[in-house]
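Okay, here's what each chain looks like letter by letter:
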Amino acid sequence: MRVKLVLCCFFMATLVSLSTSQYDQCRITWPFGMETGKIPDDHIHATTYSYQRGPKQSRMRHRSSWQASRNDFKQYLTVDLSIRKMITQVATQGMRGSQYWVTDYYVQYSSDNVTWSYVKDNNGDPLMFVGNKDGNTIEYRRFSTPIVARFIRFNPQRWHLYMSLRVEIYGCNYYSTSLTFDGNSRIEYDVSGANENIQTQTDVLKMRFRTDNPNGLMFFADSNQGDYFGVELYKGQLKININLGSWPTIRSESRLYAGSLLDDSQWHDLEIMRNRQKLIVTVDRLTINDTINGTFWRLDLDRKISVGGVKTYLGRRGVTTRKGFNGCMENILFNDIHLLRDAVGKLPRFFTSGNTTQFCQLRPLIPITFPSTLSHLKLLPTTTGIKTFSMSLDFRTYNLGGMLAYHQIENGEITVKLDKGRLVFYIQLNPNIEILETLESRDSEARGSYADGLWHSMNLHIEENKVIMILDGFTWVAQRKISIQTAADKNIFIGGGISKEMGFVGCMRKLTLQGTPYNVNRLPAGANTEAVNGTCGLRDRCRPNPCEHWGRCSQDWRTFRCDCSDTGYTGATCHMPNYPLSCNAIKQELIRIGDDLSQVTEERKTIDIDGSGYLPPFNVTCNYKDDEMWISHANEDVTPVNGFQEAGSYRQVIHYDANLYQLNEVIRRAVTCKQHISYSCWNSRLLSSPPTKGSGGEIRRINQFGWWVSRTYQDMDYWGGSTPGSKKCKCGLEKRCQGGATTCNCDRTGSEVFERYLVDSGFLSYKDHLPVMELRLGDTGTLVDSKAAKYQLGKLMCKGDNLFDDVVTFRKVDAALEFGTFNPLKGGDIRFQFKTTASSGILIINRGELNGDFIEVRLVSANILQFRFNVGYGIQVLSQSTAYPLNNNKWHTVHTERNRKQASLQVDTMEKKILDEPMEFGFKKLRLNTPLYIGADTKENSYRDGFVGCMRALQVNGEAMNMMKKVVTEAPYGMTVGCIGKCDSSPCLNNGRCVEHYHSYECDCTYTPWRGIICGREVGVNLDTSQMVRFEFDEAFGRLSTDEETFRIGFITQDKQGLLMQVTDAANKEFISIEMNNNGGILVNFNVGFGFWQVSTPTSLGVDFANKQQHELVVQRRHGGRIVSIKVDDYPEKIDDQWKDYPASTDTKLDNPKWLYMGRNTTTGTGGGFKGCLFRAAFDNNYPLKNLFQDPKPPNVDTAPVDLNLFREDRCGYEEIFPPPEAVEKRRILPTTPPPPGNGTIDNFDAESGAVIGGVVAVVCIVILALVVIGCRHMSRHKGEYLTNEARGADAVDHADLHIVNNQSGQPDIQKKREWYI
């Protein structure tokens, strides 16, 4: 019975756990009241709205909705939650029963309704949420990490017809303990006691903070052994310093930077997790992974854990700042220690130093943003007619130039601006008094520029005969004889507004003029032109670094730039490789452009083995003759070894031109690899076993004098030319070692007998072990004895590249290969090769079903290939036109990329096509949630616009996709491993030319006497003695003159007479005729050039060809007309070469043939013609019978008699050959699965259907829960006692379930005797 009770309780706990959220901070969430009205109308605001569609109509399931009166990107719907809440998700609807809804939107949040932050993605960019697809369905979008805010607003970016929105917000109450630090205050937790030290393998530090100061120590803990863990603000970014223990020869200090522009007076979330040497830092949902230096993995702390600062900064390891934190921090949790809460509660071992104030007392400095060079403020001075001028402000920008302030006074003008990052102030006084000064930043990291994104303070004061400029605390003073006087009607321009000066783009705050602070939220009408109050819109576009492959990032207000020099990559984000993938790829391109490779057999090249992947380029030698790629190393010369007696005491690490990861990829993709190794010895043994252990009693893994270490860092006991596990050299394997040795030549003692070095050499060819990473040798005695050795290790030589062997044929126009969704991250690229004969077809496609996003690579026509995509601002098209056909059944390379700045398309080696991303929209990521399909569009299971042909070497973001493996393991419809066309099986008979279509084929029988589907149909005619077929040679193509011909004709007859074929000139003076002779043989008459002669089949054959059988005759003139051959069927060939020795000047040509006759000619007597069936007629490339029955019949073929009805096509006894039927191939019907939710979404459902389903599920759950409770109570009931399960104090919280979850019922655990029923 006890087991039953345990199982019952476990089941109840499971139900509770399933009902909780994935976020520990918000285990139970609820709607905050947009639908119910708990959020009052006056807490909902909008920038604009239409009549009767105001912000109060934006409540979920309202009969109307909020509808903006202007459809632009600057519309907001703002909701005030009254107090800060933890928000986990939002839900949206369009306008009920309409075609108006929002399809994409941003979410912003704030704690003060002044400074706003975007919900961002993992790259630090504003996260675009997918909205609605109709006016009724509720779409839920869950945040990957909850946000804490009082105000939340929706900023539509795309909409259907009109911008209409209904919303709900979900989350829970937020409880916090916060303190304000003034830069000199701190709290400390003492861990120096004997039993109070902290030793951890894993650590978690969580906190929220808010500050307007760019520097300050936030958290620090250390130990007497040198361990430390510190977090500090440095120039507005976080610097994490950590050391897990020092070692004299190994660097153990680690430093990681995260976040940027964190001194913006807004709340920021920080989470640091350490697991041994793995470090994960997340700032505002942007995560960075790193590895801690050193060999230790435990953090030892035995001093104090400090928050806000330390007592002494000077000489403190792990602390680089010299000041404490100035701002607010809340909910600091370090390894389950609530540092702020416990310090406020004055728990033991907690100490407070200085002035810390409970709750956040930081008053945010309200900034103003100048988003363009046209934005500016125009202010009137508060005092006029005085002889002093003072102005101060803070500014931050990434733009190198821009006017900060301008003021025209009575006798001149004052200008302060940035020029090339330097601050320039210029005072021009009438008539010719001028002060011009350029000031550089004293920050060494800024290289003199103030355009570094940090806040800089400027204070300018001008008085009689004196000018004072204070920049970031540094003072510049000019003593000049000057006098100024301000004017009442002259404005002070801040940020721009002066035509001769470029406007400032960036942020300002703390604006003071003539000693009077200006509140930018209370400026008079007309004073603000396009400047944005209340927030600093400056974005650090270089953190995280958008430049890949170690590119260097620079930026201004609008965009960033990547310097890709010395990286080996190119493009807007240094994503695309500058170098080819392998020697195989280089050779393919050289062949494609027609280079003569016989002139270059070896060439030093740089390759990038994974293209746009993470592996950097490296140098190789390409051996085009043997299709090999060689990787060199620094130890290829012959190296002597002497004075290393103990086994393995000589050690040489091999340093290759490629690192281990590059070597792994080269070898993985190679078909074979080998490496030559040679050992020459004089009385020095190689693989034989030493008599004792190594020096110092060392236990060796291999009991041999010598060995080598493989790529997997295993000791190898065999040598070149041998096999793994043999423990032998080549000679030992072949049993021919010198001196009777059984393992190696060098294992024979007494080399002096041979009066030369003994040698063991050969190729190591087991590629899983290659290359040699280290050599260990021994038994070379001392420097003065007779033992010595030398070795030589060759290059790593790898043959082939299986990336280009990964070939798949698409045989069906509706076949598609499926891979995982394309994930573009910072920049995404797809690279592949294809060959086809089709003029169109989809090669690559990936869709986003919820939003219409997609990417597509499509062959549009024989000469045009397109890269198309849509991310929300219309279909963008990159089109590459080629001067040559892309459907020429040759391999072509396609490389597409889309990054944060541009999209590109390159075909073969043509100039890259580039399309810049539209700056007005900002970068929008592709949101794809369906598989990546190769070969066809599968939208709605249509499988349309398919590609037929071959594809190979598919790489997505530098990763090979292995198409062959998918085809082999999944056997998808319409695909075959390898590039196998229909023509590869030679389906066309009788020398017909096969035209490849991959899904089908055509047989071109043009240059054969056959016709039919596969050129398997004989074309013949039955003639009687009076009928004739005549073919006229077309002189439009020139006059014919031949001395070498081939006649081919088949015949069936029983008459020993008649003309089979004759070619003659117009006057019948020169001719070649083939006819039946009177003994049933074949007679060939020649009257060409030098005279007349005859050749006939020999009577020795003893064959009468007039036997009603099918016969095929081939007559040829060769050797310039001097040799004639006659061959009938498979009988011996008759060769007449009596004229072969005639001089070259002899005329052997048949000049200007005019007619070809069959059956008879115009001079044949009555009854002397051929009677029977003629077929397979050909004279060189002329096919008279085939032309005779062509429809329509060409005019150069006629008959006698003229009536064509007397001439009918006849197969002369042959049956037409048809292709065998293809096996029927059916597509497997795959189950329909819903797309994975985007942005952490909950599956969509209709509002009414959802209510019904929800009601049913709720009733079922209540019934099950009731039964479980009754069962548990029945099994565990105690006779005679009543126990209440009522939670006391539940009325003191906002949500009843929250009290139970937080275990605040106050019910004691009462132990009682119980009686069990078994």
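Residues numbered from 1 in each chain as written. Predicted model: local features only at pLDDT ≥ 70, side-chain atom pairs only at ≥ 80, totals over all residues. Heavy atoms only, no water.

Trainee: Describe the overall build of the protein chain, and please don't skip the residues or the numbers.
Mentor: Along the backbone of the protein chain there are 9 helices and 89 strands. In the protein chain, of all internal contacts separated by at least 6 residues, the share reaching a separation of at least 24 is 70%. Carbon and sulfur atoms form 50% of the exposed surface of the protein chain, whose accessible area is close to 61800 Å². (Helix = DSSP H or I, 4+ residues; strand = E, 2+ residues; numbered from the N terminus. Contact = heavy atoms within 4.5 Å. Areas by Shrake-Rupley, 256 points an atom, 1.4 Å probe, with all protein chains shown as cover.)

Trainee: Would you mind going over the side chain of Asp-212 in detail, with residue names and values included?
Mentor: Relative to the assigned elements, Asp-212 resides in the loop between β13 (202-211) and β14 (216-222). Of the side chains bearing the opposite charge, Arg-509 lies closest to the buried Asp-212, which forms no salt bridge; the N-O distance is 5.2 Å. What Asp-212 contacts, discounting residues up to four positions off in sequence, is Asp-263, Ser-265, Leu-362, Arg-363, Leu-365 and Arg-509. (Buried < 20%, exposed > 50% of the residue type's maximum accessible area, 1.4 Å probe, protein only. Lys, Arg positive; Asp, Glu negative; His and termini not counted. Salt bridge = Lys/Arg side-chain N within 4 Å of Asp/Glu carboxyl O.)

Trainee: Account for the nonpolar core, with residues named and values stated.
Mentor: Ranked by size, the top nonpolar core spans 47 residues in total, and within it Ile-631, Tyr-679, Leu-686 and Trp-719 carry the most contacts. Every element with two or more residues in this core is listed here: α3 (583-592), β47 (618-623), β48 (628-631), α4 (660-669), β51 (672-682), β54 (758-764), β55 (774-777) and β56 (788-799). Core analysis: the next-biggest nonpolar cluster, separate from the first, contains 42 residues, Ile-1072, Val-1088, Trp-1093 and Leu-1188 among them. (Core = buried A, V, L, I, M, F, W, Y, C linked by side-chain atoms within 4.5 Å.)

Trainee: Residue-level account of the sheet that holds strand β25 (residues 350-353), with values.
Mentor: Pairing is antiparallel in the open sheet, where 7 strands are placed in the order β17-β16-β15-β14-β22-β11-β25. The two strands at the open ends of the sheet, each matched to only one other strand, are β17 (253-258) and β25. Between one strand axis and the next, the sheet turns through 15° on average, direction left out of account. Taken together, the 4 bridges between strand β11 (residues 186-190) and strand β22 (residues 304-307) define a ladder with antiparallel strand orientation. Counterpart to Tyr-189 in the pairing with β22 is Ile-305. (Pairing = 2+ DSSP bridges. Axes fitted to C-alpha atoms, helices over the stretch in contact; angles between N-to-C directions.)

Trainee: With reference to specific residues and values, describe the pairing of strand β50 (residues 650-653).
Mentor: With burial as the criterion, only one face of β50 is covered, namely that bearing Tyr-650 and Gln-652; the residues Arg-651 and Val-653 on the opposite face remain uncovered. Note: β50 against β55, 4 bridges, orientation antiparallel. Residue pairing across strands places Arg-651 opposite Arg-776, the latter belonging to β55.

Trainee: Quick rundown of the sheet that holds strand β31 (residues 412-419)? Include the residues and the values.
Mentor: With antiparallel pairing, 7 strands are arranged side by side in an open sheet as β33-β32-β31-β30-β37-β28-β40. Only two strands of the sheet have a single partner each, and these edge strands are β33 (433-439) and β40 (528-529).

Trainee: Could you give an account of the confidence of the model for the protein chain, naming the residues involved and the relevant values?
Mentor: Averaged over all residues, the pLDDT of the protein chain equals 86, while 89% of them reach at least 70. Note that pLDDT drops below 50 for residues 1-23; the model gives that stretch 27 contacts with residues more than four away or on any other chain. This model gives residues 694-700 a pLDDT under 50, and the stretch forms 9 contacts once residues within four places in sequence are excluded. (pLDDT = per-residue confidence, 0-100.)

Trainee: Help me get a handle on the packing of aromatic side chains, residues and values and all.
Mentor: In the structure shown here, the tally under the stated rule is 33 aromatic pairs. Ring geometry for Tyr-105 against Phe-129: centres 5.7 Å apart, planes inclined by 15°, an arrangement best described as stacked. Separated by 24 residues along the polypeptide, Tyr-105 in strand β5 (residues 101-110) and Phe-129 in strand β7 (residues 129-130) bring together distant segments of the chain. Residue Tyr-105 is classed as buried on the basis of its relative accessible area, which comes to 0%. Considering the side-chain rings of Tyr-105 and Phe-154, the 5.9 Å spacing of their centres and the 55° angle between planes classify their relative orientation as tilted. Placement of Tyr-105 in strand β5 and of Phe-154 in strand β8 (residues 138-160) is noted, with a sequence separation of 49 residues between them. Clustering of aromatic rings is evident, with ring pairs tying together Tyr-105, Phe-129, Phe-143 and Phe-154. Note that Lys-901 overlies the ring of Phe-560, its terminal NZ or CZ placed 5.3 Å from the centroid. (Phe/Tyr/Trp six-rings, centres within 6.5 Å; stacked < 30°, edge-to-face > 60°. Lys NZ or Arg CZ within 6 Å of the ring centre and 35° of its normal.)

Trainee: Quick one: what's the story with helix α6 (residues 963-970), residue by residue and with numbers?
Mentor: Among all positions of α6, only Met-963, Lys-966 and Val-967 are buried. Take α6 and look down its axis: the buried residues cluster within an arc of 95°, on one side only. Away from the buried face of α6 by more than 90 degrees, exposed residues Lys-965, Val-968 and Thr-969 are located. Taken together, the buried residues of α6 touch β57 (807-810), β58 (817-819), β68 (949-956) and β70 (975-977). Where α6 ends, the next residue or the one after it, Ala-971, has phi of about 45°, a positive value. (Arc of directions from axis to C-beta.)

Trainee: Please set out the pairing of strand β63 (residues 876-881) residue by residue, giving values where relevant.
Mentor: Residues Gln-876, Leu-878 and Gln-880 point to one face of β63 and are all buried, whereas Val-877, Ser-879 and Ser-881, pointing to the other face, are not buried. Relative to β63, strand β62 (residues 864-870) runs antiparallel, the two sharing 6 bridges. When the bridges of β63 are listed, Arg-868 appears paired with Val-877. Between β62 and β63, which follow one another and run antiparallel, lie 5 residues, and Gly-872 among them has a positive phi close to 125°.

Trainee: Can you break down the environment of Gln-89 residue by residue, with the values?
Mentor: Tracing the backbone through its elements, the reader meets Gln-89 in strand β4 (residues 77-93). Here the alpha-carbon distance between Gln-89 and Tyr-140, two residues 51 residues apart in the chain, equals 7.1 Å. In this structure the side chain of Gln-89 is engaged in a polar contact, spanning 3.5 Å, whose partner is the side chain of Arg-142. (Polar contact = N/O pair within 3.5 Å; in protein donor to acceptor, adjacent residues only side chain to side chain.)

Trainee: Mind laying out the side chain of Gln-67, listing which residues take part and the relevant values?
Mentor: The residue Gln-67 is located in strand β3 (residues 66-67) in this model. A polar side-chain atom of Gln-67 sits 2.8 Å from a polar atom in the side chain of Arg-53. Aside from chain neighbours lying at most four places away, what touches Gln-67 is Thr-48, Tyr-49, Ser-50, Arg-53, Met-95, Tyr-100, Tyr-162, Met-163 and Ser-164.

Trainee: Please provide a residue-by-residue account of α3, values included.
Mentor: Two residues of an α-helix separated by three or four positions point the same way, owing to the 3.6 residues in each turn. Regarding α3, the residues found buried are Cys-583, Ala-585, Ile-586, Lys-587, Glu-589 and Leu-590. Elements in contact with the buried residues of α3: β46 (602-607), β47 and β48. Count one or two residues on from α3 and you reach Gly-594, which has phi positive near 90°.

Trainee: So what about the environment of Lys-1149? Which residues, and what values?
Mentor: Structurally, Lys-1149 is set in the loop between β83 (1134-1136) and β84 (1150-1151). Here Lys-1149 falls in the partly exposed class, since its relative accessible area comes to 34%. Distance in space between the C-alpha atoms of Lys-1149 and Glu-1070 is 9.2 Å, their sequence separation being 79 residues. For Lys-1149, the contacting residues outside a window of four places in its chain are Ser-1041, Thr-1042, Asp-1043, Glu-1070, Val-1088, Gly-1089 and Arg-1117.

Trainee: Kindly report on the environment of Phe-763, identifying the contributing residues and their values.
Mentor: As for its placement among the helices and strands, Phe-763 is situated in strand β54. Apart from residues no more than four positions distant in its own chain, Phe-763 is found in contact with Lys-674, Gln-675, His-676, Gly-720, Gly-721 and Met-797.

Trainee: Describe unusual backbone geometry, listing the residues and the values that go with them.
Mentor: Of the consecutive residues Leu-770 and Pro-771, the connecting peptide bond is found in the cis state with omega at -5°. As for its position among the elements, Pro-771 is in the loop between β54 and β55. For the peptide bond that leads from Ala-1200 to Pro-1201, omega is -5°, which places it in the cis range. Here Pro-1201 is to be found in the loop between β87 (1197-1200) and β88 (1209-1210). One non-glycine residue with positive phi stands out, namely Trp-550, at about 70°. Within the secondary structure, Trp-550 sits in the loop between β41 (532-533) and β42 (552-555). Taking the relative accessible area as the measure of exposure, Trp-550 reaches 54% and is therefore exposed.

Trainee: Please give an account of the pattern of salt bridges that cites residues and values.
Mentor: Where charged atoms of side chains with opposite charge meet at close range, the side chains can pair. According to the stated counting rule, one finds 76 salt bridges in the structure shown. In this structure, Asp-1198 and Arg-1030 form a salt bridge, with 2.9 Å as the shortest nitrogen-oxygen distance. In this pair, Asp-1198 sits in strand β87 while Arg-1030 sits in strand β74 (residues 1028-1032), placing the two residues 168 residues apart along the sequence. Take Asp-1198: its relative accessible area is 29%, and that puts it in the partly exposed class. Bridged by salt links that share partners, the residues Arg-847, Glu-856, Arg-858, Arg-868, Asp-937, Arg-944 and Asp-945 form one connected network.

Trainee: Before we move on, could you go through a nonpolar patch on the surface and cite the residues and values that matter?
Mentor: Taken together, the side chains of Trp-247, Ile-250 and Phe-296 define a hydrophobic patch exposed on the protein surface, amounting to about 280 Å² of accessible area. Among the secondary structure elements, Trp-247 is positioned in the loop between β16 (237-243) and β17. Look at Trp-247 and you get partly exposed, because its relative accessible area is 47%. (Patch = residues over 30% accessible without salt bridge, like charges linked within 9 Å, V, L, I, M, F, W, Y side chains within 5 Å.)

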